[in-house]
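Given next are the chains, with one letter for each unit.
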Amino acid sequence: MFPVGPAPWPRLRVLWALWALLVVLLAPWRLWAIQETQECTWQVVLNNLESVGKNDAIDHFVDQELYTVDKVFDLLVDAPIDRDEVRGLGADEWERPWSCTLLGSGHLLTISLQTYLGFPYYLKINYSCTGEVSSEALVRKGHLTGLKPVVLVTFQSPVNFHRWKIEQLQIQMEAAPFRSPAERCDAEEVCLMSWYTPMPIKNGSVVMRVDVSSNGLGPFIPNKRFHVNINGFLERGRDHELQFTVGNELFHLIPRHFVNVPSRPLWYTVDQTPVLILGGIPEEKAILLTDTNFKDFFLVELSIDSCWVGSFYCPQASFTATIYDAIATESTLFIRQNQLIYYFTGTYTTLYENNHGSERWVRVLANECIKRLCPVHFHSNGSEYVMALTAGKNEGYVHFGTITDGLVSFKLLPRDRSVCNAILVDNCSITWAVFIAGDYNLLMLVEIVGPTSSKYFQVVSYDLVSDYLVVLYTIPEFIPDARGLEFLMILGTESYTNFPMVPKGMSYNPYNNLLLIWGNFLLQSFNSENFIYLADFPKELSIKYLVNSFRGDMAIVTENEEIWYLLEGSYQVYQLFPSKAWEVYISLQVLQQSSRYAPNETMVTLFYEDNKLYQLVYLIDNQQGRLIKRLMPVEQLLMYQQISKEYVLERQGSHLTLSFSNFCPFTVMRLQELPNPQIYTRQERYRAQPPRVLEPWGFHSENSLAVYQGLVYYLLSLHSKYDKPYADPVHDPTWRWWKNKKQDQDYYFYLANNWRSTGSVHVDMTSYEKIYDLKAENELPERIFLDKGTSYSFSVFLTTRKPEVQHGPSFQVLSPVDLAVVLADPDCIEAMVKEKVLVNRNSVLFWVTLSDKRSCFDQGISGHHLMKTSMLVKVLGSSGHCFQNTNRGPRMQSNLMVPVLIGCPPGKRLAFDITYTLQYNRVQNKHYFDCVKVDPEMPCFLFRDIFYPFFLIQDLVTGDSGSFQGRTGSLIWTTENTTTTEDLAFNIMSHNSLGIEWLCLENSPCHDTIPHNIFAPEFFFKVLVSNRGVDESTYCDYQLTFLLHIHGLPLSARRAFLILLVSASLFVGLVILYIVCCLLSPYMVKVCNILRWKINSIIGLESNYTYSTPSDSRAFSHSGTVSWRSSRLNSRVVYKGAEENKAET
């Protein structure tokens, strides 16, 4: 059995101490108990369109397609919504329903039409409080007292920055109250109700964090975070029921799956994984799968073939169906069963242009004997990674897997020879591998068998770029003798015990370069060469796995399920379970009748979430088993350890009193003078409020919620379309939305106040905006981005415990506390600390400035290839001793670790300032001629005019926009200045350079452009502007590619001469033709007259024939003969007369 709680429960002989501790511990909360403050918490579930208003409906994020909301926007005929922008559709397409018209994944935020669409899900928000039976009554009370939940959705940046833009995007929405129509309620006006907000999705993001807070009215409810991720391993069947693509769901948790089963690590790509999986269920090819970080979960039996390929190079002692290793990435799941590994790629249409989802599990490396999968916790270069360690014929190699856009590939490393051959040994085995993505370096823990069958271990480094392999460190064979010290520097001169060192794995933190080698010991190093032995960890124990928060602390789980805790930067290891502090904590939970603890429980796994340590525990209570996620109370346990160790019983009169020693050197620690966070955190935030409904109680309808969906969608679509080469006149993505309606804002407000808005909905234009002025909270940001030479400053205020004033040798007042700033890469960043002792307040004020040293990063694209480092701020002598009481429980102080990312921060861009360029060119050239067909989005420039371009450096996060003062290069133009790049390929220009003269010489693309009409030729130049290599003021490689429309291009000399020759020939030919026509016109008239006379004569001859009856046939014949002869004679006479007249002329 592997219990997490004590078994049996605490004995009676320690209860007296627990009661005494209870009095001390509950003292700070005495006032709260008197006021009977309720503890309330938010509840958030996902609802699809058909589930809105249903009480118990809970959905999972499966659908990734958008829906049209056309019909509800058609009703807003007198609102600041342009009907021409709704869809760009014809008049015959305006009557489609809004709720069921599926558009498909191609119509996500990259849609080209100006359209209002709806997201497939809503967030349903409620809250509950302790001691209250009816949550419905609580929600009604909150609504009537003005409570409105505020939802902040944070989209996680994608892995593949080559396909998607890297940005830190948030949208803040106010929830809309909605009365449930499911049940009738005649007694009250408000029955069942909830709050709803759209649940937006964004291309490239499958992980979303939802933070719910209060608007400050109604009951006090602490902020709470939820994880709402897209599950690409679920699909809808023919009956629209959800089913798994990876296998079949099992609906019963059997105790034998968890009881007496060892815990196992949870492996995934940090901050990028929407679906987590956990194997280790004995003799079952099943996994635990969750898309909410184990708030809820599924037990899924995998549909794999479960082959067992045993051979002479891959010996297997036995076959098992257990899934031993399980790793989750952004889109792909990996598992190992026996010696085989499989992967399955989910269906994520928001990540790929083409769906790469798997139809079945894919077996990979089928001919290899895989003994272990090793995770890579961080992505790099647009890809994720996983490593497979081999045995048998390829012993000494690592199969290095790369996952890019759901496509999996493996390669064998090292490339030329095995590790054993490279380090010149005959028999070796790779026990563990760690990939350092920033350096493209692979660290391997290698077990070597010597000639005498003795074993020793080495840390081997392999460079993936240069194919260079070197031994970094040889681990001692035995555990050093620390002789009572907390730590020991391994120099080779220390003495050793008889306990052999048995390394089992490694862990690496890329933010502080801390490498840990673990087994029945702990060795740590910050340069992978010099190691420190942590003596507090017992050598009799063996570590099974480490759980790293990558924010300055980690948890350790041993083979016998003990839990230890380590603060990075310190050398003391704390035992959390089993311990006296754990027994005290459990006793307090029993007194509070907590349902999250039981006498019989088994830990399934341990993991970090939002910098807090959580347990997944299987409880058996009243013969019923259940699996729950609960917080590991690290701070409380450390506090109880201090109290249990450092107390003294003093007799005062006839009774004993308890006194405790507090080892924290300060009483108050407060951060001050923090700068506005957005310039450093690079968080872009939008704000959206629900449309105002003209209803007495303020409840929304399905139509108004659909309007809310469309408005949030369009707000995010404006954000995605704003990143374009031509800069808008106003640096704000929402400017285009309302630029033609702002002048009518008072009119729409008048309609709403008089309840005359169409559709009973009023859209306030000021409720949809981008926020640029977020204020700093009293804590350090989650991460800091530093550009070249930039700095981050803040101050730390400490009130000390020692009231006495200390003086130095020169009568200077000495600080009673010391503040240290530890830098992971002092060659790249530097810190300056100034102190001021406030004697009258018994306090010290420290000013801390962190700066970039301009030495460790080349120019790069915004958000790409950032260097990871960190800053640790700590008060000396306070690690593990200082805590702050908050409404969420105690919080550890004195160790503040902040990740720092060096490079070009996300959200910076170079844009073509078309507005000022047009103004300046008009002034300098004394005129401006646009194209005949005017395009307001791309104005034209005349070829013969001097071109003066101007560019803007725009910060999409802070809203700053200023003229680019650096230098740029291009291949398109020529200038009077002669400054070029070293390779003579680019002309270098700055903001004060002379204008540009366009050249279209021979062999250039624009040379000899053929006109297609009577107007001069036009040409579109594709201009590439970059500051790389010519601008040393920033780490940003500003690359701008845009089209420039030039008209009035001249013709080449050859084509101009050809056109002149053809034109002249045509003109001369027309003149000659005219002269010829004038000379021949009389003859042509005569010929025409003769032809006309002959035609008339023939017609007249035929009309003189007469016909008679048969009785007078003889007369008829005679008369006809005479007439014919007479006619013939007349014709001769006329013809002869004509000839005589011709002769006379």
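Another point: unusual backbone geometry. Pro414 follows Leu413 through a cis peptide bond whose omega is -10 degrees. Within the secondary structure layout, Pro414 lies in the loop between strand S26 (407–413) and helix H5 (419–422). Cis rather than trans, the peptide bond between Phe577 and Pro578 has omega equal to -10 degrees. Tracing the chain through its elements places Pro578 in the loop between strand S41 (573–577) and helix H6 (580–591). With a phi close to 70 degrees, Asp271 is a non-glycine residue in the positive phi region. With respect to the secondary-structure elements, Asp271 resides in the loop between strand S15 (267–268) and strand S16 (276–278). Unlike most non-glycine residues, Arg682 shows phi in positive territory, near 65 degrees. Looking at the element boundaries, Arg682 is found in the loop between helix H8 (678–681) and strand S48 (683–688).

If you walk through the whole model with that rule in mind, you get 33 salt bridges. A salt bridge links Arg209 to Glu782; its shortest N-O distance comes to 3.9 Å. Of the two residues, Arg209 is situated in strand S10 (residues 207–214) and Glu782 in the loop between strand S51 (768–771) and strand S52 (784–786); the sequence distance between them amounts to 573 residues. By relative accessible area, Arg209 is classed as buried at 12%.

Further remarks concern the packing of H6 against helix H7 (residues 634–645). Geometry of a packed helix pair, given as the angle between the helix axes and the separation of the axes. The geometry of H6 relative to H7 is characterised by a closest axis approach of 8 Å and an angle of 115 degrees between their N-to-C directions. Crossing geometry of H6 relative to H7 is assigned as right-handed. Residues Ala581, Trp582, Val584, Tyr585 and Leu588 of H6 lie in contact with H7, whose contacting residues are Gln636, Leu637, Tyr640 and Gln641. A breakdown of the residues in the contact of H6 with H7 according to their chemical character gives 7 nonpolar, 2 polar and no charged.

Quick look at the pairing of strand S39 (residues 553–558) now. Of all 6 residues making up S39, 6 are buried, and the element is well covered by its neighbours. Note that strand S38 (residues 543–548) and S39 share 5 bridges and pair antiparallel. Paired with Leu546 across the strands is Ile556, a residue of S39. In sequence, S38 turns back onto S39 through a hairpin of 4 residues, with Phe550 there showing a positive phi of about 60 degrees. One ladder, built from 5 bridges, connects S39 with strand S40 (residues 563–567); its direction is antiparallel. If you follow Met554 over to S40, its bridge partner there is Leu566. What sits between the antiparallel neighbours S39 and S40 is a turn of 4 residues, in which Glu561 has the positive phi angle 65 degrees.

Turning next to the pairing of strand S36 (residues 522–525). Side-chain alternation along S36 places Leu522 and Gln524 on one buried face and Leu523 and Ser525 on a second face that is also buried. Pairing analysis gives 4 bridges linking strand S35 (residues 514–518) to S36, with the strands arranged antiparallel. Its bridge partner lying in S36, Ile517 is registered against Leu523. Connecting the antiparallel pair S35 and S36 is a turn made up of 3 residues. For S36 and strand S37 (residues 532–534), the ladder comprises 2 bridges, and the chain directions are antiparallel. Residue pairing across strands places Leu523 opposite Tyr533, the latter belonging to S37.

With that settled, consider the nonpolar core. In terms of nonpolar packing, the biggest core is built from 105 residues, with Tyr127, Ile171, Met199 and Leu289 touching the most fellow members. With 10 residues, the single largest contributor to this core is helix H9 (residues 702–722). Each residue touching Met199, except ones within four places of it in the same chain, is listed here: Leu46, Phe61, Phe119, Tyr121, Tyr122, Leu123, Val153, Met208, Val210 and Val228.

Before going further, it helps to spend a moment on the environment of Gln641. Along the chain, Gln641 falls in helix H7. Among residues more than four places away in sequence, those in contact with Gln641 are Tyr574, Gln575, Leu576, Ser579 and Ala581.

The rules we used
- Residues numbered from 1 in each chain as written.
- Predicted model: local features only at pLDDT ≥ 70, side-chain atom pairs only at ≥ 80, totals over all residues.
- Heavy atoms only, no water.
- Helix = DSSP H or I, 4+ residues; strand = E, 2+ residues; numbered from the N terminus.
- Salt bridge = Lys/Arg side-chain N within 4 Å of Asp/Glu carboxyl O.
- Buried < 20%, exposed > 50% of the residue type's maximum accessible area, 1.4 Å probe, protein only.
- Axes fitted to C-alpha atoms, helices over the stretch in contact; angles between N-to-C directions.
- Left-handed = near helix turned anticlockwise from the far one by under 90°.
- Contact = heavy atoms within 4.5 Å.
- Nonpolar A, V, L, I, M, F, W, Y, C, P; charged D, E, K, R; others polar.
- Pairing = 2+ DSSP bridges.
- Core = buried A, V, L, I, M, F, W, Y, C linked by side-chain atoms within 4.5 Å.

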